[in-house]
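Structural characterization, general
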Amino acid sequence: MTDITLGQFIPGNSCIHRLDPRTKIVLMLVYIVMVFLVKSLILFSVPLAYVLLCLWLGQISFSYFGKAIKPIRFLLVFMFLLNLFITPGEKTLFSWRFIKITEEGLLQAVFISLRLILLVTGASIMTLTTSPIALTDGLERMLSPLKVFKFPAHELAMMMTIALRFIPTLMEEADKIRKAQMARGADFESGNIIARAKAMIPILIPLFVSAFRRADELAMAMESRCYHGGEGRTKLHQLKLGRGDLAAVLVTMAFLALILLVQGFFPGLI
Amino acid sequence: MPIVIDHLCHTYFDGATSNPVLKDISLEIREGEFLSIIGHTGCGKTTLVQHLNGLLLPTSGKVLVDGLDTADKKLRPAIRTLVGMVFQYPEYQLFADTVREDVGFGPKNMKLSEEVIALRVSEAMAMVGLSMDKFGEKSPFELSGGEKRRAALAGILAMRPKYLVLDEPMAGLDPQGRQSILAMLEKLRQDTGCSIIMVSHSMEDVARHADRILVMDHGEVKYLDTPKSVFSHSEELAGMGLSLPAPCRVAALLRKQGVDAPGDICTRDDLEAYLLRRLKA
Ligand SMILES: Nc1ncnc2c1ncn2[C@@H]1O[C@H](COP(=O)(O)OP(=O)(O)OP(=O)(O)O)[C@@H](O)[C@H]1O
Ligand SMILES: [Mg+2]
């Protein structure tokens, strides 16, 4: 369970870590657009270079690239095969009975896989370098203009913060309950899918009960310290955009421009 | 046959860091004995007892329960019926619709017949002092904290373990609740001859009930002996952040005042008997 990279945070003080969370959120969206704009194999090197640059600047070991992909490896293989076999096309590369692989299919499969890999690794870089607190802070600020329409930006951010805070606690608790039920002879490892799903009940019920109890206690503890939502609440850490943020935006725009230029004006190059 | 722990080491790995918690522990838990485990917070007591039924596996070394190796996956169901484990807050494992069903969860996993399960459930509930008529059909979530604790304990007792492991079973109970659980354990041991292995922070309870005490310090065995001889090492224990039982401390204070209280007083009964003798003399 500890192998999941997406959503994990590695504390640090690199220039990427120090960027404003809002910048990082926006740039991640730009990056996603960038990945989807790429229409040729060679140009995939641009977002790839961008990811590697971010990893390097963020002082994250390149092995995280592999760790980020590991949890989605089955999805990757599945998507690759699905696209390989079902994409219709003219140039047949290989055919045997009802199986037919076309050049278009192969290309499509490679594209999809590359996109998935780049999306997951890019998104992991953001969570790896941004503490969950900073992330929700950034989201809250970005959503706060919507408060005019009664959108509960602060409440939403607070909910996210609390949820993130309690994930490790709940995992620990689930482990304890699992052990306690195993001590009573519960078997989670054998049987078919239905039997296994049923075997989870003795874990899930106590887990939910304790989660609700915790939620109740937390709400009580917050209220007894006079928490009453976001109105008039000030922040301990004020978010401020700096020169680093400007630089990050410019660099990202340069990468995006490169793709647009090459695809728009020099299609012959690729 | 006993539980044999042979050069047991356990290391927790998380991510890049490794945390050696148990360092080369060898000991034997005898049949029918009351063994107490004490030690400062974080010294590895919980980690040690979770090895006794294969919930954790040794990083190196071996744990043999009646000759069955916990590392062998096929033997684990057998080991888990031999060794019953009660966790620190056992009430959080309650899940079924009724107390009766919850207590029957263990026996059901042992694939016993319906009649045998029913028998064991009513027996176990009687043992912990929950009457079947009043509590049997109640939801476990409607019970009070102490009653939940009893119900959870009954869930283990219904499996009739030969070794009953309890990890701080009395944490958060009132004095009467503690006493009744301890009395229940004593009675259980007399009736069934099972061994009891109890992790506890209450020196008084440990001194009073244990046949032997295992003192752990930073993942190592410091002492494994009778209460009287363990508590005679008062300075060493204090150095490990452990206190002496109150009667021991009283005797030590008396000695400091020049009264010749003997060194082997460690339970309230010892102290009472000694004081009575002194007063009569
Ligand atoms: N699942 C785990 N993963 C990593 N480290 C752990 C885990 N469980 C315990 N530890 C570490 O192992 C050490 C011993 O823990 P353990 O729970 O065995 O202590 P303990 O003697 O039972 O303490 P207490 O008296 O507080 O219950 C602690 O330093 C703890 O941080
Ligand atoms: Mg413990």
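As the structure is a prediction and not an experimental result, all values here were calculated from the model.

**Section: the confidence of the model for chain A**
Mean pLDDT over chain A: 85, with 96% of residues reaching 70 or higher. Ranking the elements of chain A by mean pLDDT puts strand S1 (residues 92–96) of chain A last, at 75, and helix H2 (residues 21–37) of chain A first, at 92.

**Concerning helix H8 (residues 175–192) of chain B**
Residues and elements named next belong to chain B. An ideal rise of 1.5 Å per residue puts 26 Å on 18 residues; H8 measures up with 26 Å between its terminal C-alpha atoms. Where H8 is concerned, the buried positions are Gly-177, Ile-181, Leu-182, Met-184, Leu-185, Glu-186, Leu-188 and Arg-189. Of the surrounding elements, those touching the buried residues of H8 are strand S3 (34–39), helix H5 (114–128), helix H7 (145–157), strand S7 (163–167), strand S8 (195–199) and helix H9 (203–209). Within two residues after H8, Gly-193 carries a phi angle of roughly 70°, on the positive side.

**Let's talk about the confidence of the model for chain B**
In the predicted model, chain B carries a mean pLDDT of 90, and the fraction of residues at 70 or more is 99%. For this predicted complex, the interface score ipTM comes out at 0.80, alongside a pTM of 0.75.

**Focus: the pattern of salt bridges**
Residues and elements named next belong to chain B. Scanning all chains against the criterion turns up 18 salt bridges over all chains. Residues Asp-66 and Lys-162 are paired through a salt bridge, measuring 2.7 Å at the closest nitrogen-oxygen approach. With Asp-66 in the loop between strand S4 (60–65) and strand S5 (68–69) and Lys-162 in the loop between H7 and S7, the pair connects residues that are 96 residues apart, well separated along the chain. According to the relative accessible area criterion, Asp-66 is buried, its value standing at 13%.

**Comments concerning the side chain of Ser-200 of chain B**
Residue and element names in this part refer to chain B. Within the secondary structure, Ser-200 is located in the loop between S8 and H9. Ser-200 sits in the buried class, given a relative accessible area of 5%. A distance of 3.0 Å separates the side chain of Ser-200 from the backbone nitrogen of Ser-202, its partner in a polar contact. The contacts of Ser-200, once residues within four sequence positions are left out, are Ile-37, Ile-38, Glu-168 and Val-206.

**Notes on the packing of H2 of chain A against helix H7 (residues 132–143) of chain A**
Residues and elements named next belong to chain A. In contact at an axis separation of 8 Å, H2 and H7 are set at 80° when each is read in the N-to-C sense. In terms of their interaxial angle, H2 and H7 are classed as roughly perpendicular. Residues Pro-21, Arg-22, Ile-25 and Val-26 of H2 form the contact with H7, whose participating residues are Ala-134, Leu-135, Gly-138, Leu-139, Arg-141 and Met-142. Here the contact of H2 with H7 is built from residues that sort into seven nonpolar, one polar and two charged.

**Section: the interface of chain B and chain A**
Each partner contributes residues to the interface: chain B has 20 residues there, and chain A has 16 residues. Surface buried jointly by chain B and chain A totals about 1,600 Å² across both partners, of which 63% is contributed by carbon and sulfur atoms. The largest per-residue losses of area from chain B upon contact with chain A belong to Tyr-92, Gln-93 and Phe-95 of chain B, which jointly make up 33% of the total buried on that side. The interface formed by chain B and chain A holds one salt bridge in total. A salt bridge links Asp-102 of chain B to Arg-184 of chain A, with the nearest nitrogen and oxygen atoms 3.1 Å apart. The interface formed by chain B and chain A includes five residue pairs in polar contact (both at pLDDT 80 or more). Looking at the side of chain B that touches chain A, the elements with two or more residues in it are helix H4 (105–109) and H7 of chain B. Broken down by element, the side of chain B that touches chain A gets its largest block of residues, three residues, from H4 of chain B. Tallied by class, the residues present in the side of chain B that touches chain A amount to 11 nonpolar, six polar and three charged.

**With respect to the domain arrangement of chain A**
By the assigned domains, chain A splits into domain 1 (1–130 + 240–270) and domain 2 (151–237). Computed from C-alpha coordinates alone, the two centres of domain 1 of chain A and domain 2 of chain A are separated by 32 Å.

Conventions used here
Starting from 1, residues in each chain are numbered consecutively following that chain's sequence as written. Here the convention is simple: chains get letters from A, ligands get numbers from 1, in the order in which they are written. At least 70 in pLDDT is required for a residue's local features to be given in this predicted model, at least 80 for side-chain atom pairs to be given and counted, and no such filter applies to totals for whole chains, interfaces and linings, which use all residues. The basis for every side-chain value is the complete set of heavy atoms in the structure, and neither hydrogens nor water enter the calculation. Confidence of the predictor at the level of single residues is captured by pLDDT, which takes values from 0 to 100. Labels follow the DSSP assignment, with helices taken as runs of H or I lasting at least four residues and strands as runs of E lasting at least two, numbered in each case from the N terminus. Here the expected length of a helix is defined as 1.5 Å per residue gap, with one fewer gap than residues. Partly exposed describes any residue whose relative accessible area lies between the buried limit of under 20% and the exposed limit of over 50%, with all areas from a 1.4 Å probe on protein chains only and scaled to the type maximum. We call two residues in contact when some of their heavy atoms are within 4.5 Å. Take a side-chain nitrogen of Lys or Arg and a carboxyl oxygen of Asp or Glu: if they are within 4 Å of each other, that pair is a salt bridge. Pairs of N or O atoms are called polar contacts if they sit within 3.5 Å, as long as, within protein, a hydrogen donor faces a hydrogen acceptor (for residues adjacent in sequence, only side-chain-to-side-chain pairs). Every axis corresponds to a line fitted to the C-alpha atoms, with the helix fit spanning only the stretch in contact, and the corresponding angles, defined between N-to-C directions, vary from 0 to 180 degrees. Working definition: roughly parallel below 35 degrees, roughly antiparallel above 145 degrees, roughly perpendicular at 65 to 115 degrees, and oblique for all remaining angles. Each residue gets one label: Ala, Val, Leu, Ile, Met, Phe, Trp, Tyr, Cys and Pro are nonpolar, Asp, Glu, Lys and Arg are charged, and the others, such as Gly, are polar. Take the accessible area each of two parts loses on contact, using a 1.4 Å probe, and add the two losses: that sum is the buried area. These domain boundaries are the output of an automatic or database domain assignment.

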